[in-house]
Amino acid sequence: MGIKRNKPGISTKALKPDKLSWKEDFRKNGILYLLFLPVLVWEILFHYLPLPGILMAFQDFSISKGLFGSKWVGFEHFVELFTGSGFPLAFRNTVAMAILSLTIGFSASIIFALILTTFPHKRFRRLAQSASYLPNFVSAVVMCSLATEFLSEKGAITMFLSLFGADKQNWLANPDIPVFWLIYTFIGIWQGMGWGSIVYVASISNISGELHEAAAIDGANRFQRIWHVTLPGILPLIVMMWTMNVGIVLKLVGGNILLLYMPQTYDVADVLSTYTYRMSFGGSANYGLSTASGLFQSVLGLILLVTSNKLSKRAAGYSLF
Amino acid sequence: MRRESRVFRKLITSVAAAGCMVSLAACGNDSGSGDTVNITYWSPRGEDSSLYEQYEDNPVVKYIEENYTFNDKKLHFEFYIAPPGSEADNFSNLLGTGDYCDVMDMSMASSTAPELYEDDIIWDLTELVPANMPNYMAFLEANPDCESSIYSIVDGEKKILMLRGFSDGIQPMFQGFCYRRDWIAKYGANPQTGAAFTYGFTDENDFESWEDDVVFPNGTDEPLYISDWEWMFEIFEKAMEEQGISDGYCYSPYYYGYMQTGDLFTGFGGGAPYWYNDNGTCVNGIETDSFRAYLQCLNTWYQKGWLDKSFSEHTSDVFFAVDAPKVFQGKVGLWQGRISTVGTQIDADDAYTDGAVVYGCRQPINDIYGGPEQQNKEPDHMYQFGKDGNGVVLTKKMSEEQVVTFLKFADFMFSEEGTLLQSGLSKEQYEASQDEFYTRLGLTEGMYTIVEEDGREILKYNVDTSDTAFNAAILARVQPVLQKVENVDRGYDRYMKQATESWDYYENTASLSYGVMNAVNVEDAQTITKVRANYDQFLIRTVPFMIKGSGYDIWDDASWEQFLGDVNKYQAGTVTEIYQKAIDLMEK
């Protein structure tokens, strides 16, 4: 999946290579196809074969009766989902945390990559880069436990904040908006910023040094070079990453929340995935309800993906498809 | 050379693939061969891994496997223990993936036995049990109060779908309310005379020699009423102040704000959320004035600073070990705790626990809050043992031969020999088996000795029965068994005896029985699940805030009415009706 440049007046036709037949292509790029094979198998196994499972969203699914023997209940699970007492708040919280992730969370990796690539000391840069990757390799359970400790009544962050007049309290138990939303966003940044910056660092290094040199000769300072050279250079990548993130952000929100929230903060911390989890598996397992919720989130994600792709096409001239 | 390398690579690949297959499988399904029948058994609880790594190493399991045959076959168990904290999820996942075991413990089940039966997952044992379990049937005949709990009602028909274990009497409780007796003695004064109490250990070398002349406002030496508790809380405050404990508190309720087993709330004439009232009808306790009086009490305590401000944050604690670290630090006055906290057991010779003496106390009776209907009611709805134990279901993964063999084994566990074996290995059995675990623990005399006292044979345990190693040395995780609790000397010290007597003083007669639960049909069970999923979420989100004085105002009639109106929106009454229907069905 490539990025399409869609500026009027510039023809890309001349740049296209001669089209090869699939046999020639396969002969020429056999190794690449071979490398792609595991991905293809994985996609088929885990993303296409389970697709008939969507039927469960419309069934009173029973394990023994199976997918094609269970009773058809139409949209009953969707009604149950949307009329559930916690659904409106869960939906609001999902959207709020998704927006924070897509703004603050998403830009943190780009800013970090820009800082890293403009920092002159190579050794320190590498050290900072490696240190920033580490949280990505630590289990979410450990990360959330650390966050719980830091944010507890006697935690390090609480103590630090109290220096500025904040109450000494367990911040994770605070039911006020937007405390939990921000905590969730910053934990996400802590976990993913370094890892997410890799792709941007790689892309920035591919920008021709001559462009920076020319800008410097023209009198551009460091910030101006970032603004006029580096950012436009990685803009297609930013658009692609953002569009892809928009599509999956609703599903991503929730992982850490299960480890961080408590009944006291359900009103601000409950999201679609945690709400569905409790509704579906709090008592007897309700596979229909959980599938309905998953399907709802997928459809919403698809709509967001297509919309954001169109918006970026119109605003920046780049699109994913 | 190249060929060898290729063969080697193939071999490695095959082994890796086989490894993957094995690791992906949950409960294998090898029914055994020849003289041995294999049984896979799922249990929500195992033993402390420092004692032994897998339940197959349990000394009683090993002894049974080596020394007995059932249906002319030897038994071999493979146990699958759920990850702690995810028991119900694990149960659901195994069912969802079809990887369930031959025998599934139902104590943490997310589905009822009739649901599993309708899903064609489990065996109908209605005919097989009487045919293969004479000891089991004899026990039920001798204990008609236990009989109803073995039946489920499917399409109006009584069926045995679950094998339930039992005790031969009421087992003493392992948990209940505990309080710092030493604080009362040291910092309190006689409520009638105002004189200081005398207290102390009469023999410094004997931890059981604590004596005091503590008297409570009710005139006895035990706290019996809510007014006694409030009197204690004032003393606890003084104790914490004088010791400089800034982060202590008098009491921390369960994080829901109430307990679904009814504890504490029952002293206000209620039960939560579903229970029998005095007329034997099912009631949703949340809708009663008793619940309002209970909340008013807790709100008062919260406002006075007696409650743990963070009580609703202890979400991973079980109700009988709320904020246990703080209890063991000596910073709590009263708590619902295990038997391992009574006596001098929390004394760690540090600033706050040195000289600590903990007594157990009864469920308190409300004599302050609400009106006459909510006051002076004897508690009758609480977490307490009955004769009923946990149950297991036999899944259709078992062949009929496996089922019959397991039933014969279960029946043996209801014989005199089996009941004794459940209590651990005797000296003779240990000597014959030379069990490594018993040797390591120094149990060379066996788990128990039979002694004669007052013309009765008493089973006297040779170990501390409150220790975690105790459960590991007996057969505590396998059902169905007949557990021996009558004529048993558990080796309790005087504090443990005092605590268990207090905890068992009132009898739990108002909880909905297993029989009622089993009489709920599949469709109704699903309705209950759906209603309660939302209703419980509503309560858990609102009740802690009501105690803390936000949200609904429990002192304001209009606000209380609004709360009741919102409760009705969740159709909680539907559940009451379903349970009532089941009660009526059971009584027919």
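Residues numbered from 1 in each chain as written. Chains lettered and ligands numbered in written order. Predicted model: local features only at pLDDT ≥ 70, side-chain atom pairs only at ≥ 80, totals over all residues.

A. Here's a closer look at the overall build of chain A. The helix and strand tally for chain A stands at 14 helices and four strands. Here the C-alpha coordinates of chain A stretch approximately 65 × 65 × 35 Å along the principal axes. Counting every position in chain A, which comprises 321 residues, the buried fraction comes to 30%. Considering only contacts within chain A whose residues lie at least 6 apart along the sequence, 68% involve residues at least 24 apart. (Helix = DSSP H or I, 4+ residues; strand = E, 2+ residues; numbered from the N terminus. Buried ≥ 20, exposed ≤ 12 C-beta atoms within 10 Å, placed from the backbone. Contact = placed C-beta atoms within 7 Å.)

B. Broad picture of the nonpolar core. Grouped together as the largest cluster of nonpolar side chains are 123 residues, with contacts concentrated most on B:Val103, B:Ile122, B:Val393 and B:Leu394. In terms of residue count, the dominant contributor to this core is helix H4 (residues 87-118) of chain A (11 residues). If we ignore the near neighbours within four places in the chain, the residues touching B:Leu394 are B:Asp102, B:Val103, B:Ile122, B:Trp123, B:Leu125, B:Val403 and B:Phe406. With 85 residues, the next largest nonpolar core counts B:Tyr251, B:Ala272, B:Leu298 and B:Val516 among its residues. (Core = buried A, V, L, I, M, F, W, Y, C linked by C-beta atoms within 7 Å.)

C. Focus on the interface of chain B and chain A. With 28 residues of chain B at the contact, the number on the chain A side is 21 residues. Looking at the side of chain B that touches chain A, the elements with two or more residues in it are helix H3 (87-97) and helix H19 (522-548) of chain B. Per-class residue counts for the side of chain B that touches chain A are nine nonpolar, 12 polar and seven charged. (Nonpolar A, V, L, I, M, F, W, Y, C, P; charged D, E, K, R; others polar.)

D. Representation of helix H14 (residues 287-315) of chain A within the structure. The first and last C-alpha atoms of H14(A) sit 41 Å apart over 29 residues, in line with the 42 Å expected at 1.5 Å per residue. Within the span of H14(A), buried status applies to A:Tyr287, A:Gly288, A:Leu289, A:Ser290, A:Thr291, A:Ala292, A:Ser293, A:Ser308, A:Asn309 and A:Ser312. Among the structural elements, strand S2 (59-60), helix H3 (76-83), helix H10 (222-252), helix H13 (272-281) and strand S4 (318-319) of chain A together with H3 of chain B are those in contact with the buried residues of H14(A). Looking one or two residues beyond H14(A), the residue adopting positive phi is A:Gly317, at roughly 80°. (Expected span 1.5 Å × (residues − 1).)

E. Seen up close, the domain arrangement of chain B. Residues and elements named next belong to chain B. Segmentation of chain B into domains returns domain 1 (25-164 + 389-454), domain 2 (175-374) and domain 3 (514-587). Centre-to-centre separation of domain 1 and domain 3, based on C-alpha positions: 34 Å. Contacts between the two partners involve 10 residues from domain 1 and, on the opposite side, nine residues from domain 3. At the level of secondary structure, the elements contributing two or more residues to the side of domain 1 that touches domain 3 comprise helix H4 (113-118) and strand S4 (151-154). The element that contributes the greatest number of residues to the side of domain 1 that touches domain 3 is H4, accounting for four residues. Each residue belonging to the side of domain 1 that touches domain 3 can be placed in one class, and the counts come to four nonpolar, four polar and two charged. (Domains from an automatic or database assignment.)

F. The arrangement of the pairing of S4(B) in detail. All names here are of chain B. With four bridges joining them, S4 and strand S5 (residues 157-160) adopt antiparallel strand pairing. Across the sheet, Ile 153 pairs through a bridge with Lys 158, a residue of S5. Taking the residues that link successive antiparallel strands as the turn, the S4-S5 hairpin has two residues, and the phi of Asp 155 there is positive, at about 50°. (Pairing = 2+ DSSP bridges.)

G. Region of the structure containing the confidence of the model for chain A. Residues and elements named next belong to chain A. On average, chain A scores 88 in pLDDT, and the residues at 70 or more come to 93%. Mean pLDDT values over the elements of chain A span from 51, in strand S1 (residues 4-5), up to 95, in helix H7 (residues 156-162). Here residues 7-12 scores under 50 on pLDDT; set against residues more than four positions off or in separate chains, the count is two contacts. (pLDDT = per-residue confidence, 0-100.)

H. Main features of the confidence of the model for chain B. Residue and element names in this part refer to chain B. Per-residue confidence for chain B averages 90 on the pLDDT scale, and 94% of its residues sit at or above 70. The secondary structure element of chain B with the lowest average pLDDT is helix H1 (residues 2-24), at 47, and the one with the highest is strand S13 (residues 358-361), at 98. Counting interchain partners and residues more than four positions distant, the pLDDT-below-50 stretch residues 11-25 has one contact. Two summary scores accompany this predicted model of the complex, namely pTM at 0.82 and ipTM at 0.76.

I. Here's a closer look at H3(B). Of the residues making up H3(B), those classed as buried are B:Glu87, B:Asn90, B:Phe91, B:Ser92 and B:Leu95. Looking at the packing, one finds that the buried side of H3(B) touches H13 of chain A.

J. Geometry of the packing of helix H9 (residues 209-217) of chain A against H10(A). Residues and elements named next belong to chain A. Look at H9 against H10: their axes get within 10 Å of each other, and the N-to-C directions meet at 140°. Classified by the interaxial angle, the pair formed by H9 and H10 is oblique. Once H9 is placed against H10, the crossing between them reads as right-handed. Packed against H9, whose contacting residues are Leu 211, His 212, Ala 215 and Ala 216, the element H10 presents Arg 225, His 228 and Val 229 at the interface. (Axes fitted to C-alpha atoms, helices over the stretch in contact; angles between N-to-C directions. Parallel < 35°, antiparallel > 145°, perpendicular 65-115°, else oblique. Left-handed = near helix turned anticlockwise from the far one by under 90°.)

K. Structural detail: unusual backbone geometry. The peptide bond linking A:Ile177 to A:Pro178 adopts the cis configuration, its omega dihedral lying at 5°. Relative to the helices and strands, A:Pro178 resides in the loop between H7 and helix H8 (179-205). The omega torsion of the bond from B:Gln479 to B:Pro480 falls at -5°, within 30 degrees of zero and hence cis. As for its placement among the helices and strands, B:Pro480 is situated in the loop between helix H16 (468-473) and strand S17 (482-483). With a phi close to 60°, B:Asp72 is a non-glycine residue in the positive phi region. Tracing the backbone through its elements, the reader meets B:Asp72 in the loop between helix H2 (59-67) and strand S2 (74-81). Residue B:Asp72 is classed as exposed on the basis of its 9 C-beta neighbours within 10 Å.

L. Region of interest: the pairing of strand S7 (residues 175-180) of chain B. Residue and element names in this part refer to chain B. In terms of burial, S7 is a largely internal element, six of the six residues being buried. Bridge count for S7 against strand S12 (residues 334-338) is five bridges, and the pairing is antiparallel. Residue pairing across strands places Gly 176 opposite Gly 337, the latter belonging to S12. As paired strands, S7 and S13 are joined by four bridges and run antiparallel to one another. Residue pairing for S13: Phe 177 is matched across the bridge by Cys 361.

M. Region of interest: the sheet that holds S13(B). Residues and elements named next belong to chain B. Taken in spatial order, the three strands make up an open sheet running S12-S7-S13, and their pairing is antiparallel. One side of each edge strand has no neighbouring strand; the edge strands of this open sheet are S12 and S13. Within the sheet, the average angular offset between the axes of one strand and its neighbour, ignoring direction, is 45°. Contacts between helix H17 (residues 494-503) and the sheet are confined to S7 and S13, with S13 contributing the most and set at about 20° to the helix.

N. Spotlight on the sheet that holds S17(B). Residues and elements named next belong to chain B. Strand order in the open sheet formed by six strands is S2-S1-S3-S14-S6-S17, and the pairing between neighbours is mixed. Because the sheet does not close on itself, it has two edges, and the strands there are S2 and S17. As defined by bridge partners, strand S1 (residues 36-43) adjoins strand S3 (residues 103-105) across two bridges and the pair is classed as parallel. Residue Tyr 41 lies in a different strand from S3, and its bridge partner there is Val 103. Where helix H12 (residues 400-412) meets the sheet, its contacts fall on S1, S2, S3, strand S6 (163-167) and strand S14 (388-394), and the angle it forms with S1 comes to roughly 75°.

O. Inspection of the environment of A:Ile207 at higher detail. Residues and elements named next belong to chain A. Turning to its location among the elements, Ile 207 is positioned in the loop between H8 and H9. Looking at Ile 207, the number of C-beta atoms within 10 Å reads 16, which means it is partly exposed. As for Ile 207 and Ile 234, which are separated by 27 residues in sequence, their C-alpha atoms are 8.3 Å apart. Residues in contact with Ile 207, not counting those within four places in the same chain, are Val 229, Thr 230 and Gly 233.

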